[in-house]
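# Reading the structure
So you can see what is in the structure, the chains are spelled out below.
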Amino acid sequence: MLTPRRGSGQLIYNLAMRHHFILLLFCSLISAQTLRQAGAQRALLMGAAADSSEQSPDPLVTDAMYASTLGTQYSMLEPENNMKWATIHPAQNTYNFGPGDELVTFAQAHGMNVRGHNLCWQVYNPTWINTYATTATPAQMSTQFQNHINTVVSHYAGKVFAWDVVNEAISDSQTGTGVVLKDSIWYDQPGIGLTGTGYIEQAFRWARAADPNALLFYNDYNIEAPGAKFTALLVMLKDFVARGVPIAGVGIQMHIDTTGYPSSSGFAQNIQAIAALGLQVHITEMDVRIPVNSAGVAAASDLAAQAATYSRILTVCLQNPGCTAFQTWGFTDKHSWIPSSYPGYGAALPFDLNYQPKPAVASMINTTQTVAPVLSASNIVNAASYAAGAVAPGELITIFGANLGPAALVGTTLDSNGNVSSNLSGTQVFFDGLAAPVIYSLAGQVSVVVPYEVAGKSQTVVQYSYNGVLSNTVTVPVTQAAPGIFSANASGTGPGAILNLNYTVNSASNPVAAGGVVVVFATGGGTVQGGAKDGAPAPGTANQSLPVTATIGGQTATVSYAGLAPGLVDGVMQVNLTVPTGLTGAQPLVVTVGTVGSQSGITVAVK
Ligand code: XIL
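What counts and what doesn't
Think of each chain on its own: its residues are numbered from 1, step by step along the sequence as written. This being a predicted model, a pLDDT of at least 70 is required before a residue's local features are given, and a value of 80 or more before pairs of side-chain atoms are given or counted; all residues contribute to the totals for chains, interfaces and linings. Values reported for side chains reflect all heavy atoms of the structure, with hydrogen atoms and water molecules removed beforehand. We call a residue near a given molecule or strand whenever any one of its heavy atoms falls within 4 Å of it. In protein, a polar contact means a hydrogen-donor-capable atom and an acceptor-capable atom, both N or O and within 3.5 Å, with residues adjacent in sequence counting only if both atoms are side-chain atoms; elsewhere, any N or O pair within 3.5 Å suffices. Areas reported as accessible are Shrake-Rupley estimates using a 1.4 Å probe. Residue values count occlusion only from the protein chains shown. Note on definitions: the grid is 1 Å and covers protein atoms alone; a cavity is a set of points where a 1.4 Å probe fits but cannot get out; a pocket is an open set with protein on both sides within 12 Å along at least five of seven lines; lining residues have an atom within 4 Å of a point. A cavity or pocket is said to hold a molecule if more than half of that molecule's atoms lie within 2 Å of its grid points. Lines fitted to the C-alpha atoms define the axes, with helices restricted to the stretch that makes contact. Angles between their N-to-C directions range from 0 to 180 degrees. The numbering of helices and of strands both runs from the N terminus, where a helix is a DSSP run of H or I of at least 4 residues and a strand a run of E of at least 2. In this scheme the handedness of a crossing depends on how the near helix is turned from the far one: anticlockwise by less than a right angle means left-handed, clockwise means right-handed. The contact definition used throughout considers only heavy atoms, calling two residues in contact when any of these lie within 4.5 Å. As a working rule, the residues Ala, Val, Leu, Ile, Met, Phe, Trp, Tyr, Cys and Pro are called nonpolar, Asp, Glu, Lys and Arg charged, and the rest polar, with Gly in that last group. Any two rings among Phe, Tyr and Trp, with Trp reduced to its six-membered ring, count as a pair given centres within 6.5 Å; such a pair is stacked if its planes are under 30 degrees apart, edge-to-face if over 60, and tilted if neither. Burial classes follow relative accessibility: with a 1.4 Å probe on protein chains only, a residue under 20% of its type's maximum area counts as buried, one over 50% as exposed, and anything between as partly exposed. Here, a salt bridge means any side-chain nitrogen of Lys or Arg that lies within 4 Å of a carboxyl oxygen of Asp or Glu. Grid points are joined across faces, edges and corners, and a volume is the space filled by probe spheres set on the points. Strand pairing is defined by DSSP finding a minimum of two bridges between the two strands. Cysteine sulfur atoms are paired as a disulfide whenever they fall within 2.5 Å. Helices are assigned an expected span. That span is 1.5 Å times one less than the residue count. For this quantity, the arc is that covered by the directions from the helix axis to the C-beta atoms. Buried Ala, Val, Leu, Ile, Met, Phe, Trp, Tyr and Cys residues that are joined via side-chain atoms within 4.5 Å together make up what is termed a nonpolar core.

## Describing the site of the ligand
Near the ligand you find 15 residues, and of these Glu80, Lys84, His117, Glu285 and Trp329 are the closest. Glu54 places a polar side-chain atom, nitrogen or oxygen, 3.0 Å from an oxygen atom of the ligand. Contact distances for the ligand include 3.3 Å between an oxygen atom and a side-chain N or O atom of Gln253. Contact with the protein chains covers 84% of the free accessible surface of the ligand, which is 410 Å². In this structure the site holding the ligand corresponds to the second largest pocket.

## Overview of the packing of helix α11 (residues 264-275) against helix α12 (residues 300-318)
Between two packed helices, both the angle of their axes relative to each other and the distance between the axes serve to describe the pair. At their nearest, the axes of α11 and α12 sit 10 Å apart, and the two run at 35 degrees to each other. In terms of crossing hand, the pair formed by α11 and α12 is right-handed. Contacts between α11 and α12 involve Ser264, Phe267, Ala268 and Ile271 on the former and, on the latter, Arg312, Ile313, Val316 and Cys317. Here the contact of α11 with α12 is composed, by residue class, of 6 nonpolar, 1 polar and 1 charged.

## Section: the packing of aromatic side chains
Using the criterion set out here, one finds 16 aromatic pairs in the structure. A ring pair is formed by Tyr74 and Phe331, whose centres lie 5.9 Å apart and whose planes are at 55 degrees; its orientation type is tilted. Here Phe331 lies in the loop between β10 (323-328) and α13 (338-341) and Tyr74 lies in the loop between α4 (64-73) and β2 (76-79), a separation of 257 residues in the sequence. With respect to class, Tyr74 is no different from Phe331; both count as buried.

## Brief notes about the pattern of salt bridges
Here the structure, examined in full by the defined rule, presents 10 salt bridges. With a closest N to O distance of 3.1 Å, Lys229 and Asp220 form a salt bridge. Overall, Lys229 belongs to the buried group, its relative accessible area being 3%. Relative accessible area serves as the criterion here: at 0%, Asp220 is assigned to the buried category. With a shortest N-O distance of 2.7 Å, Arg243 and Asp239 are connected by a salt bridge. When its relative accessible area of 41% is taken as the criterion, Arg243 is described as partly exposed.

## As for the layout of surface pockets
Taken as a whole, the second largest pocket spans an internal volume of roughly 440 Å³. Lining of the second largest pocket is provided by 25 residues; of these, Trp121, His255, Glu285, Trp329 and Trp337 occupy positions nearest its centre. Looking at the lining of the second largest pocket residue by residue, the class counts come to 7 nonpolar, 9 polar and 9 charged.

## Some points on the sheet that holds strand β17 (residues 438-442)
With antiparallel pairing, 5 strands are arranged side by side in an open sheet as β12-β13-β18-β17-β14. One side of each edge strand has no neighbouring strand; the edge strands of this open sheet are β12 (380-382) and β14 (410-411). Bridge analysis of β17 against strand β18 (residues 445-449) gives 4 bridges, and the strand direction is antiparallel. Following the sheet pairing, Leu442 is matched in β18 by Gln445.

## Side note on the state of the cysteines
Each disulfide consists of one covalent bond between the sulfur atoms belonging to two cysteines. Within this structure, the stated rule accounts for 1 disulfide. The residue that forms a disulfide with Cys317 is Cys323, at a sulfur-sulfur distance of 2.1 Å. The disulfide joining Cys317 to Cys323 has a torsion of about -95 degrees about its S-S bond and is therefore left-handed. Note on accessibility: Cys317 and Cys323 belong to one class, buried.

## What to know about helix α8 (residues 138-155)
Counted at 1.5 Å a residue, the expected span for α8 with its 18 residues is 26 Å, and the 25 Å between its end C-alpha atoms agrees. Among all positions of α8, only Met141, Ser142, Gln144, Phe145, His148, Ile149, Val152 and Val153 are buried. Projection of α8 onto a plane perpendicular to its axis shows the buried side chains occupying an angular sector of 165 degrees, all on one side.

## Regarding the nonpolar core
Judged by nonpolar contacts, the single largest core of 95 residues is most densely connected at Leu70, Trp163, Trp186 and Phe326. Those residues in contact with Phe326 that lie beyond four places of it in its chain are Leu44, Leu45, Met46, Gly47, Ile283, Met286, Tyr310, Ile313, Leu314 and Met364.

What follows is the structure, given as structure tokens:
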């Protein structure tokens, strides 16, 4: 599953609770100056590979421009070689963490995510393991493999957010309907004793055991466009997902030129096929090689074609929220594997030999500002329960994945009437053309109040906009009520954000006495008697126009008040309940508005 940033429930709750004294002033809208800023406005990590183990002297230490360009232009860093077997594990009982640690330290100092690369590859292995493999049994190879993965992943646990667990394992020539793999000491020479993709699966399971949180990726080339290799990859991915192998996504390398591979449509199709399995895509190793002269200099026309290619691939990535990172293989033409690997070619990266931005940089930044953000119905959810589906008048909703917005969270602002503004720092969400009050906004995550004007309609057309760049439209059914109870731990389940009558938060250590009264906060109650105004503070007199009932521990809990929460934004619903007698412990709570019940899994603590 793509993991949306949960926590909006708590956030929206807090913001709603305090909205009338929050006034964040946002002066001018800052447009992106760097790739990093541009990516942040698209909820997209902008990465570069960096290297010191093959470079002498180490550019990170000796070249100020190398370090400053990397640290200011990028939000993600991947060791080009420093974490590969040959560098990090040079002898059977020797680990060389220095080069990898150097990059991790740099990344941490610059607020960058680290992508680990890689734990398993059939090349770039140290001599000792290749020699060992010539006489070892599969059981002995398995031990070496497990030790390596465990040691390296444990060392970087909490520091490396995503690992390329297995690199380039799938063969470029496929026959049949299965997955033909490349020969490898880990697969068949002699291998670790597992058939087919078993060794890949095993690597993922060992990586997961060593770090419960890292995102685990399979990384490869020649999977940018549909074809036999991609089809084989999908066979493996479907199998892994179906059996719960801990894979989070696919790294698509993207070492390309300017001749048109991959086509935009083919690349889009592949991202969608991966995203449809609930997996992410990272573009991991993009470079766009162009012809260069003996001094490494390219023609202006080729630089222009290169800029267009970077922009084209970035566009496709931005058009699918499943594409969550965009990384180049290096960042300056001063340090690139292309000239030695593709003689006659070079100048493949966004910055030139002197760290000056090439046309590709402006082209990519411009692309981030202009490609339409993507809205999808499944990402429009109740702000408390995270349930997708229909929306109700006055419901506080969260929209995930609309991947254009402020680089950092912006909280509620009020308009001149003291109502929640419907244009928050450039963010707007329209329902049938009417702008909704915006509670908070962040690239990829925005929360708004569904206008009461949708009441009585069967559906509403939703559209998102940032700085005037409009998303696609999505038609969503309208329901009378869509209740969701805010939870205390911001997960949509667990203890409710419930107050005991003395206004302290109900919890296991602060339970309500059976027979006592609790105050529950929810949203999605639909229209209210006497009306309610979009974005206005609730007067506190209007009751729900639909009947509100509740159960605690499966027994009827008497409702003594159900309506807008006085003083909070219209749309936040307050329900006062009497806890049935005879209950103790964490008891499930369900609030029903009309015929629609709130989410399951919310509890109230009773003594
Ligand atoms: C390359 C590095 O760029 C070179 O410096 C090194 O000599 C060999 O490896 N696919 C990958 C990368 O996954 O690890 C490779 O990196 C490039 C191709």
